[in-house]
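If you want the building blocks of each chain, they are given just below.
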Amino acid sequence: MKEAVLAAIVENGFLKELLTLQQDGRNAISSPSNWREAPLLEIETELDSIIADLRSALLSRGEVNKTGRWHFFIGSPGNGKSAAVGKLYRALRASGCRVETESGEELDSLGPGEIPYLVHVYEPGKKFVTVWFAQDASVVKNPFAKDVDPSRELLDLLREAWGRGVSLVVCTNWGVIEKAFRRVHTDTDAASTGWFKALKQAIESGRDGGEQGKPGNELEYRAGGGKKPFDKFSVSSKTLDNRSLLVGSTLLAQLVEKATAADKWSACAACPAKARCPFKQNRDWLATAKGSERLCQILSRAEVLSGQVIVFREALALVSFLLAGCPRDYLGVSPCQWVQDHDARGQFFALLTRRVYASLFASYAPCGLEYEDELRTKQRDALRELCELDLTGTKPETVALKQVVKAAEPVSTDVGVTRLLGPAGVMRHLDPLRDGLPLSFYGKWDGSTRELAHETDALVSELERKCFTMWADLENRLEGSSKDSVPVMYRALRRWISAFTLRLGAVADGRTAFGQELDLYLRVLDLSRPNLHPDEKKELSRLEQQLVEVLAQATTAETHAGRIPLSETVQLQGPWAESTLRPKIARDSNARNTTLAIRFGASRQDASLGAEVFVWLERKAKWGMDLRSFPAELLAAAADARARAAARSDYASENDNVELVIKSREGARFVLRRFEGDVVEDE
Amino acid sequence: MTPIPEIIRKGKNEPQLPGAVSRGFLFLPTAGVRSSPHVLVLELFREVFFREFAPPKAPDQELLPWAMSGNKPLFTTKEQAVLYAVEGRKRESGSAHSRPYYAPAYPVLARHSWLRRRSERVVDRFLFRGPIAQYFRGTGKSSEKKTELEDTISVFYRALKGHQAATAEEFHGKEILSVALKDIDPGPGLWSEEEAKEHLRCLFAGDGDDPERIDTVFRTTDDDPLARRISHDFYAVCQLEKGFPRMQWLEVLMAFLRFALPMWMLAQMRLTVIVRDWVTQVLDGGSVPDTSAIARAIGQRNRRLLHPTVTPTREVFEHVERYMRARVELSILLYYLAHLDSKGLGEKTIVTVGKGSDRIALDALLDLFRGRQAELAKEFGTPIRAGIVRRAEEYPAWKNPLKKGQGENIEEFLRVLYRAREGDEGGSYLLIRRGREPDTAFIVFPGPTLLRTFTYLAERRKDRDLGKKAKGKLVISDLEDHFREYGIEFAATASARPQLLKSLQEISLLKGSPDAGDSAELILPFEAKE
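Reading the values: the criteria
- Residues numbered from 1 in each chain as written.
- Chains lettered and ligands numbered in written order.
- Predicted model: local features only at pLDDT ≥ 70, side-chain atom pairs only at ≥ 80, totals over all residues.
- Heavy atoms only, no water.
- Helix = DSSP H or I, 4+ residues; strand = E, 2+ residues; numbered from the N terminus.
- Buried < 20%, exposed > 50% of the residue type's maximum accessible area, 1.4 Å probe, protein only.
- Contact = heavy atoms within 4.5 Å.
- Areas by Shrake-Rupley, 256 points an atom, 1.4 Å probe, with all protein chains shown as cover.
- Phe/Tyr/Trp six-rings, centres within 6.5 Å; stacked < 30°, edge-to-face > 60°.
- Lys NZ or Arg CZ within 6 Å of the ring centre and 35° of its normal.
- Pairing = 2+ DSSP bridges.
- Axes fitted to C-alpha atoms, helices over the stretch in contact; angles between N-to-C directions.
- pLDDT = per-residue confidence, 0-100.
- Parallel < 35°, antiparallel > 145°, perpendicular 65-115°, else oblique.
- Nonpolar A, V, L, I, M, F, W, Y, C, P; charged D, E, K, R; others polar.
- Expected span 1.5 Å × (residues − 1).
- 1 Å grid on protein atoms, 1.4 Å probe; cavity = no way out; pocket = protein on both sides within 12 Å on 5 of 7 lines; lining within 4 Å.
- Points joined across faces, edges and corners; volume = space filled by probe spheres on them.
- Buried area = accessible area lost by both parts, 1.4 Å probe.
- Salt bridge = Lys/Arg side-chain N within 4 Å of Asp/Glu carboxyl O.
- Polar contact = N/O pair within 3.5 Å; in protein donor to acceptor, adjacent residues only side chain to side chain.

1. Quick word on the overall build of chain A
Now for step 1: Secondary structure summary: chain A contains 28 helices and 15 strands in total.
Now for step 2: Within chain A, the fraction of its 683 residues that count as buried is 58%.
Now for step 3: Considering only residue pairs separated by 6 or more positions, chain A has 69% of its internal contacts joining residues 24 or more positions apart.
Now for step 4: Summed over its atoms, the accessible surface of chain A is roughly 28300 Å², and 50% of this surface lies on carbon and sulfur atoms.

As structure tokens, this is what we get:
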């Protein structure tokens, strides 16, 4: 049967290409070996204008341009530094430039794992190098050498590039570039050199978050030993950390749009399994405005909850996984072969495991079964017994269920993007099953599976309907059985069904754990930008008031909301504290990350209020949670931010309206009140 | 060979320390238990501001807000309020009477309290005469150091007294706790400002008569890295006091004292281990390290003292055990060498470098050992260590280093690093106890207040080293570097970095994304006013 299916396969090659974006795939990491071709899902970013500028600024253009450029892309792994250089490489190639490794090898001849430290660019008709690319200066040339240090090698690179008088593009992270600077900042000989000034400019421009990508002051170049292409250099840098693809950005939505474009999926039209193909169905749903919005909404929540941006590499791997599945499942076959084979053999539950809702929230659990080994063993045993109730063992639902309960995993649970999808990943924290859901929701998505088969939500495809029908048949089988173990089997079956249907309903409705609170957090983040519309200002004012109440209540165990804890035994109160240390949302135009900045009154520095802290504070305020049921470390973070702001304020030297309430563990209570500069005891 | 008892001056638990050790840099002053950093503040104020560390013949006097003198309270209500404001955790006596520790917010509150007159003076030994004296005297006296010394003394004194401290006449705009104390008469026991500064000058620079006659300073070509780090950090802590609320500043001060003093002690303990290892290496036919190797090893004695862990380890106990065993073994070896050598080694002090009739440099000492290799090999056999251990085993301090002799005192002092069982969750601890004795082990990880303090100190270091404009962002690697200088190595343990990121995130100090690794940006918890 398998042979017959494979002979009639309908192949969509795009899925195979998508797989290369996942962990260990050839396009997972942008490197010189894959720069020649544009990335599979290339989208426009704010880097494009920088690349357009560099394309001409780096070159001498037949000695027309006498000002070379040194540019630094600074950021953590996976956020698009090398991809940007790859784009620049293609642009230069298009201008006729020749690009080689230091040893003169064409980049195309490099294997996927070969990443040269330095790449040379030759302008058309020139024998001499004009530009150097160090596409990953966070690593070292020879990792097996003694005492290797990327910062030292970066300095060597800068010295040499300056000596040669070439334009330079460096990709590195903050740790390396700052360490390099620290190494030489006291060196008086270095201070007068151009390369040192360039390094300093790059750091200062990146640190201040100033005009990113724009060149600063020009550095005069005194050529020595031979003719050099440039008389001077300008320096620019671009910091890529904290660049969310979701919050205040549409980049992830663009990636999804690109990956679900109709032309890339046209081959599926002839596929006999398309209605039951999880990837095609995921694509169809994600291609709708609602589907794309839902995915971005859920991932935005994940991003703020974790406090870490989803970098490009993660985003690409995730989109690839949702639309092409996991390479570990395929073992020599293509995604299309795998789907069509499973479809032909009626193994619909395995296919269902790759639907978007199960992929997002339960890819770590084998086929939607319990994650904990002990519970899963019991659940499998019960479901195995359920299979045995079908004496023939040939009914479609029995065949499909047998595959689920066999010992080996029918689909891989190691799907990559571990930070998001792994057993300890962010998505598991967001799993709707971990939070309270309304009764009406349970009524709709956790009720009769036969009725669910008539559900019309766009997320319910023929694959779901097949599974709903089979589940209904399995439930019926239990109805007709008189075995003592029916309740155990029924519980195991319902737990398994719910793992799918509840997550399906949650994604359809946009529900996750802490969804409301995280959306509120995201909204406040969104309103933290400058130039708000009057209606938005009104909304921000309301939210800020809400935040004040939440923070005030959360940071003290007392009912007196105006008290600010300074230590375990001392609290600050009084009109001065209430007005001066009132929390306010810091609207920082440079902030484009995932954490809310809070400013307490006129304190000089912002405190960050993470989403996890916010979620619990909001719940405490909303539900009147007792502080003892509150995660202690989260409370500490909020209290800490407020106490730190108090410490930074001038409360200690204010002459009036400041009170210290001192309550010892021994039961003693004192109030010291500032009055006309003096301190009086108060009741 | 002369019988052992005639060669070795035996003490109760170990051989009496040979004079060559007890007079020089290998000497480790006696430490003692300090259950709370609050006690260290009291001790600090008594050392700096009071003519007498403790009155003669008086028993120790605990600092308690409710203390009475006959029927009369020792403290006024306002003083009591200020004392309660700096209340620490409860002591772990287990009895119903266990009470909290208190720290004096200002020197005047230390006037009725002191430790036992004969108790171990850890602030004096492991801060003033330890790293600070080493920093100012280790490389000799230069005019720059002299200027820096005067500035340091001035900053220390002003901070400990309170930059914003009120007086009865001038209290507008002054620090609130000091205003509450402005009318208190400190009594006659305090130094004048000049006397106190002169006292500090004597301790730091070794000028004047030193009745204690303890000198563990060793000569170096460049500043000793750990001594410089601790001195600069104490300076930075004192700088912070200006314009910072006293109550919060005391937490920073306590975090610094609680951490820096034991870490200095642990590093000093390593010196004995290093020298013992060199001696055994030479006696087993190895080479004598040259002066640069000696200097390097001494300068790096603070490296990798403790490794942050998420699983419990006995590393801190192992340091004590290693030190005590090395100390006993080195004493035995020195007694034997003195016996074999007719040039009066017993009268000399071991120094790092230099010559003189009353001193012997380390390389010369090792040469001496090498010259007596045959005789010592005959006595102890080869490898030499095995024979030495046979002799050392006779001493309780070697067999049971954590329970007998100095090792017990050291272990007790190290308890100041432990997280208390209750009331220390947000504290400045470094070690979290797991398991009961004798199976106690520790998770090595800094508490929230220690992290905050070190984030501030790391920024100060960058500011001092690089200058305001060039110091750049404060990132995780700066914080790790700062801990590294004290011997806490985050980079060496795989799980330490993620845990550090998590802890910083929990106390809202992480500005950058954790995925930025060691370049994740940090928020400065407090700033020093210029």
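2. Concerning the packing of aromatic side chains
Aromatic ring pairs are described here by two measures, namely the spacing of the ring centres and the angle between the planes.
Now for step 1: Counted according to the given criterion, the structure contains 45 aromatic pairs over all chains.
Now for step 2: Where W195 of chain A meets F196 of chain A, the ring centres are 6.3 Å apart and the plane angle is 85°; that geometry is what we call edge-to-face.
Now for step 3: Residue F196 of chain A is classed as buried on the basis of its relative accessible area, which comes to 5%.
Now for step 4: Grouped by ring-pair contacts, the aromatic residues F128, Y135, F136, F156, F204, F234 and F256 of chain B constitute a single cluster.
Now for step 5: Over the ring of F53 of chain B we find R121 of chain B; its NZ or CZ atom is 4.4 Å from the centre of that ring.
Now for step 6: The lysine or arginine in question, R325 of chain B, covers the ring of W398 of chain B, its NZ or CZ lying 4.6 Å from the ring centre.

3. Looking at the sheet that holds strand β6 (residues 218-220) of chain A
All names here are of chain A.
Now for step 1: What the seven strands build is an open sheet, ordered β2-β3-β4-β5-β1-β7-β6; its pairing is mixed. Of all strands in the sheet, those bounded by a partner on one side alone are β2 (98-101) and β6. Strand after strand, the sheet turns through a mean of 20° between neighbouring axes, direction not considered.
Now for step 2: Here strand β4 (residues 129-134) pairs with strand β5 (residues 167-172) via four bridges, running parallel. Each residue of the ladder has a partner; that of W132, found in β5, is L168.
Now for step 3: With respect to the sheet, helix α3 (residues 47-57) is in contact with β1 (67-74), β5 and β7 (232-239), its orientation differing from that of β1 by roughly 150°.

4. As for the confidence of the model for chain B
Now for step 1: Per-residue confidence for chain B averages 90 on the pLDDT scale, and 95% of its residues sit at or above 70.
Now for step 2: Scored as a whole, the predicted complex attains pTM 0.74, and scored at its interfaces, ipTM 0.88.

5. Considering the packing of helix α3 (residues 37-49) of chain B against helix α5 (residues 122-137) of chain B
Residues and elements named next belong to chain B.
Now for step 1: For the pair α3 and α5, the least separation of the axes is 9 Å and the interaxial angle reads 75°. If you check the angle between α3 and α5, you find them roughly perpendicular. Contact residues: L40, E43, L44, E47 and V48 in α3; V122, V123, D124 and F128 in α5.
Now for step 2: Taken together, the residues that form the contact of α3 with α5 break down as six nonpolar, no polar and three charged.

6. Some remarks on helix α18 (residues 448-466) of chain B
All names here are of chain B.
Now for step 1: Taking 1.5 Å of rise per residue, 19 residues should cover 27 Å, and α18 covers 27 Å from first to last C-alpha, within 8% of that figure.
Now for step 2: Among the 19 residues of α18, 17 are classified as buried, and the element is accordingly described as predominantly covered.
Now for step 3: Positive backbone phi, approximately 90°, marks G467, located one or two places after α18.

7. Examining the packing of helix α9 (residues 225-240) of chain B against helix α10 (residues 246-283) of chain B
Residue and element names in this part refer to chain B.
Now for step 1: As a packed pair, α9 and α10 sit with axes 10 Å apart at the nearest point and diverge in direction by 170°. Viewed along their axes, α9 and α10 adopt a mutual orientation that is roughly antiparallel. For the pair α9 and α10, the contacting residues are L226, A227, I230, D233, F234, V237, C238 and L240 in the first and W249, V252, L253, F256, A260, M263, W264 and A267 in the second.
Now for step 2: When grouped by side-chain class, the residues that make up the contact of α9 with α10 number 15 nonpolar, no polar and one charged.

8. Quick word on unusual backbone geometry
Now for step 1: In this structure, P383 of chain B follows T382 of chain B across a cis peptide bond, with omega equal to -10°.
Now for step 2: Assignment of secondary structure puts P383 of chain B in the loop between α14 (373-380) and α15 (384-392).
Now for step 3: Here the phi dihedral of E63 of chain A falls at roughly 65°; this positive angle occurs in a residue that is not glycine.
Now for step 4: Looking at where E63 of chain A falls in the secondary structure, it is placed in the loop between α3 and β1.
Now for step 5: Residue E63 of chain A is classed as partly exposed on the basis of its relative accessible area of 37%.
Now for step 6: Of note in the backbone geometry, R304 of chain B takes a positive phi value of approximately 50° without being a glycine.

9. So, empty space enclosed by the protein
Left-over empty space is what a probe sized like a water molecule reveals as it rolls over the atoms.
Residue and element names in this part refer to chain A.
Now for step 1: Within this structure, the stated rule accounts for nine cavities of 30 Å³ or more.
Now for step 2: Taken as a whole, the largest cavity spans an internal volume of roughly 100 Å³.
Now for step 3: C268, C271, C277, C336 and Q340 are, among the 14 residues lining the largest cavity, the residues nearest its centre.
Now for step 4: Counting residues per element, the lining of the largest cavity draws most heavily on helix α13 (residues 335-344), at four residues.
Now for step 5: Among the residues forming the lining of the largest cavity, the class breakdown is 10 nonpolar, two polar and two charged.

10. What about the interface of chain B and chain A?
Now for step 1: If you look at the interface, chain B gives 63 residues, while chain A gives 57 residues.
Now for step 2: Buried area between chain B and chain A, both sides added, is near 4900 Å², and the carbon and sulfur share of it is 53%.
Now for step 3: Ionic pairing is found between R665 of chain A and E87 of chain B, a salt bridge with its closest N-O pair at 3.1 Å.
Now for step 4: Counting only elements with at least two residues in the side of chain B that touches chain A, the list comes to α4 (77-85), β3 (87-90), β4 (100-102), α7 (176-180), α10, α18, α19 (476-486) and α20 (496-506) of chain B.
Now for step 5: The element best represented in the side of chain B that touches chain A is α4 of chain B, accounting for seven residues.
Now for step 6: A class-by-class count of the residues in the side of chain B that touches chain A yields 26 nonpolar, 14 polar and 23 charged.

11. Details of the side chain of E148 of chain B
Residues and elements named next belong to chain B.
Now for step 1: Here E148 is to be found in helix α6 (residues 143-161).
Now for step 2: Among the polar contacts listed, one links the side chain of E148 to the side chain of Y135, at a separation of 2.6 Å.
Now for step 3: Beyond its immediate stretch of four places on either side in the chain, E148 contacts Y135, F136, H232 and R464.

12. Looking at the sheet that holds strand β15 (residues 678-682) of chain A
Now for step 1: The five strands are arranged β8-β9-β13-β14-β15 (chain A) in an open sheet whose pairing can be described as antiparallel. Of all the strands in the sheet, the pair left with one neighbour each is β8 (564-565) and β15 of chain A.
Now for step 2: Pairing analysis gives five bridges linking strand β13 (residues 659-663) of chain A to strand β14 (residues 669-675) of chain A, with the strands arranged antiparallel. Within the sheet, the bridge partner assigned to I662 of chain A lies in β14 of chain A and is F670 of chain A.
Now for step 3: The strands touched by α4 of chain B are β9 (570-573), β13, β14 and β15 of chain A; relative to β14 of chain A, the strand with the most contacts, the crossing angle is about 105°.

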